[in-house]
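Now for the letters of each chain:
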Amino acid sequence: MTRTGAIRVRLVVAATVAWGSAARAQTGVPFGDEPRSAALAGSGLAGPAGLDSVDRNPGALHTLERPVAALWAHGGSLRWWFARRGEPRDTQTRFVGGFGVALVAPWPGDGPLRTVRLGVGLHVPFEHALSVDAPPRDDVPSLALYENRAERMAVTVGGALALLDGAIGLGAAIRFVPSLRTPTRVRYDPGSSERRPRVLIDLERELPVGLAPVVGVAAQPLRALHVGLVYRGRAVMRAEGSNDTRAGGIRLDDPIDFAAFVEPDVLAFGVSWQPVAALRVQADAGWARWSRFVTIHDRRPDPPWRDMIEARAGVEIDIVRSITLRAGLAYEPTPVPPQRRVSNFVDADRLLVTAGAGIGLEALGLGRARLELYGAWLAMATARAHKDLDALPDDDAQTPGRQIRNLGAPAWSGSATAWQAGLGLTLPLGRDPWPADDDEASR
Amino acid sequence: MRLPAGAALFAVACGSPTPVPPSAVIQITPAAICVDDAHRTPVTFDGSRSVERLAVVPVAGEPVRFSWTLSGASWRLVSGSLQSPSLVVTSAGDRPLHASLLVTAPSGASARAIATLGLTVDGAADAGCAP
């Protein structure tokens with residue numbers, strides 16, 4: 001007998017917004033970045049300060065001179081396929097979208113806290129604040145890196161302290177990771193009759209909020225050069241709860257314990273170079289600790305994943321005063337090793353190509369507001385796996401001999417593509433107009 | 001840091017409630033066949049224990065609709081159909097045979113179960129397979 005397929009936990013977006021408020025859903029990949037950051041393939045942790053700094057590297061906030069707010073929305077498509085050798089492809093496509101808002105600002109006034117910078121960001125998916133799809137078996141083919149990560153709420157609150165007369169920024173932030181806890185107890189009502197049996201159900205629901213830290217430092221050793229270093233702690237959403245059912249002498253203890261691994265521990269370094277006022281080039285490299293990855297069933301995959309170095313780069317050019325063009329490129333090697341045993345994760349090296357533009361809206365009488373646009377395309381190499389029948393575990397200890405049932409046997413291939421487009425509005429705040437050449441944070 | 005869900009969820013009340021999904025159940029008999037069985041062993045895929053709704057106290061529900069999908073090893077239908085509660089097939093046994101059962105309730109809600117007819121690859125003699 002097989003337990004029914006998937007368990008999906010859905011919390012209502014509007015409700016969850018009530019207890020949280022902050023920036024980004026992913027690490028430079030679709031989906032969820034603020035438009036300027038998304039157009040630069042998620043690069044730019046060195047600074048100068050941007051709306052994504054609170055999550056990317058809060059230390060970079062130290063260069064912020066004016067408050068800036070942004071609103072954005074994005075939508076895109078995620079398409080992936082899986083095919084066992086000699087069988088037709090099973091293709092799945094789904095829409096992913098969301099909204100975001102961010103605010104970064106220096107501490108107001110000229111008091112002793114004038115060297116403090118603050119930031120807050122919020123990203124909310126279109127459909128679910130928290131969604132966890134849990135397949136019933138560890139060998140179900142899945143797109144582990146994007147399925148549950150693509151739909152989650154992201155809340156980040158952070159700040160920075162400018163040191164050495166603003167030459168160095170030291171920052172920290174907290175990312176809030178929503179989870180669900182729902183212990184359940186089921187009992188027969190001893191007072192019920194045989195003709196009308198009744199059941200007592202004790203169902204509790206809690207929304208525990210996990211915390212993932214971000215700590216970063218940024219510096220400007222030369223006028224045209226920014227450097228930064230950041231550590232981001234791993235983020236895992238959980239859906240868990242006991243499920244204790246008793247009927248007379250029969251007891252069924254069937255807890256749920258699901259974990260959606262959103263982001264690994266990351267240690268990243270970045271540089272940003274601005275050789276002339278109208279041009280900025282930036283690049284990041286980060287060590288991602290994927291070896292701590294856990295499956296949706298909160299177990300280490302078999303075989304376990306590997307740590308990886310990821311690279312991102314972006315370029316930004318002001319072609320005229322009111323128009324900025326951007327492009328980015330990221331390379332993400334797969335952390336998934338050759339899968340000769342149980343797991344069937346569809347994942348291979350990935351390439352992210354992005355482009356975008358920022359358009360000043362002064363001509364429309366909207367002051368220093370800017371419209372930000374971007375598009376992103378992610379391509380994955382074809383993943384292939386050949387199962388080692390001698391290494392597959394016995395799937396049925398009750399039956400004589402060794403049984404194999406793996407959904408990837410004897411071999412399979414698979415891949416994925418994704419595209420995304422988004423737009424946003426960046427709003428410099430405060431009464432004083434900004435100098436024309438000093439609007440870095442608003443770009 | 002913990003907040004009661006009830007305090008947050010009260011703010012939302014749009015849309016109709018989601019229909020209660022049915023329960024999809026697959027039983028396979030026998031549970032495994034010998035590797036390279038070559039269509040010798042009839043295997044029953046039985047979904048008749050699927051019900052309109054899962055309940056602690058068994059209740060007679062409305063009949064559900066069945067839709068089977070078989071993939072993996074090549075197979076031949078012996079009896080039943082891909083829309084019947086159960087069916088009997090044979091398999092080449094060159095790889096596992098995977099069954100996916102979609103059960104749809106009259107309300108339109110559906111649930112899917114997957115199960116696999118295993119292959120006995122080692123200890124074949126113990127399992128009654130020809131050497």
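The notes below deal with the structure included here. Quick caveat, the model's predicted, so the values are computed rather than measured.

### Let's talk about the sheet that holds strand β14 (residues 243-247) of chain A
Residues and elements named next belong to chain A.
- The mixed open sheet is built from four strands, whose spatial order is β10-β9-β14-β15. Edge positions in the sheet fall to β10 (199-203) and β15 (250-253), since each of these pairs with one other strand and no more. Each strand of the sheet is rotated relative to its neighbour by a mean of 10°, with strand direction disregarded.
- Sheet topology places strand β9 (residues 184-188) next to β10; five bridges connect them, and they run antiparallel. Looking at the pairing, Y188 lines up with V199 of β10.

### Here's the deal with the nonpolar core
- Of all hydrophobic cores here, the largest spans 24 residues; its most connected members are B:I26, B:I28, B:F45, B:W68, B:L97 and B:L117.
- The element contributing the most residues to this core is strand β9 (residues 110-122) of chain B, with five residues.

### Quick look at the side chain of A:T295
- As for its position among the elements, A:T295 is in the loop between β18 (279-288) and β19 (308-320).
- If we skip the residues at most four places from it in the chain, A:T295 touches A:D138, A:A259, A:R300, A:P301 and A:F345.

### Concerning the side chain of A:T63
Residues and elements named next belong to chain A.
- Summarising the element assignment, T63 is placed in the loop between α3 (53-56) and β2 (68-84).
- What makes T63 buried here is its relative accessible area of 19%.
- A distance of 3.3 Å separates the side chain of T63 from the backbone oxygen of A60, its partner in a polar contact.
- Once you skip the residues sitting within four places of it in the chain, T63 turns out to touch P48, A49, Q220 and H226.

### A look at the sheet that holds strand β2 (residues 27-29) of chain B
Residues and elements named next belong to chain B.
- The antiparallel open sheet is built from four strands, whose spatial order is β2-β4-β7-β6. Edge positions in the sheet fall to β2 and β6 (75-80), since each has one partner strand and no second. Along the sheet, successive strands turn relative to each other by an average axial angle of 25°, direction set aside.
- Here β2 runs beside strand β4 (residues 43-46); their pairing, made up of three bridges, is antiparallel. Bridge pairing links T29 to T44 in β4.

Scoring rules and cut-offs
- Residues numbered from 1 in each chain as written.
- Chains lettered and ligands numbered in written order.
- Predicted model: local features only at pLDDT ≥ 70, side-chain atom pairs only at ≥ 80, totals over all residues.
- Heavy atoms only, no water.
- Pairing = 2+ DSSP bridges.
- Helix = DSSP H or I, 4+ residues; strand = E, 2+ residues; numbered from the N terminus.
- Axes fitted to C-alpha atoms, helices over the stretch in contact; angles between N-to-C directions.
- Core = buried A, V, L, I, M, F, W, Y, C linked by side-chain atoms within 4.5 Å.
- Buried < 20%, exposed > 50% of the residue type's maximum accessible area, 1.4 Å probe, protein only.
- Contact = heavy atoms within 4.5 Å.
- Polar contact = N/O pair within 3.5 Å; in protein donor to acceptor, adjacent residues only side chain to side chain.

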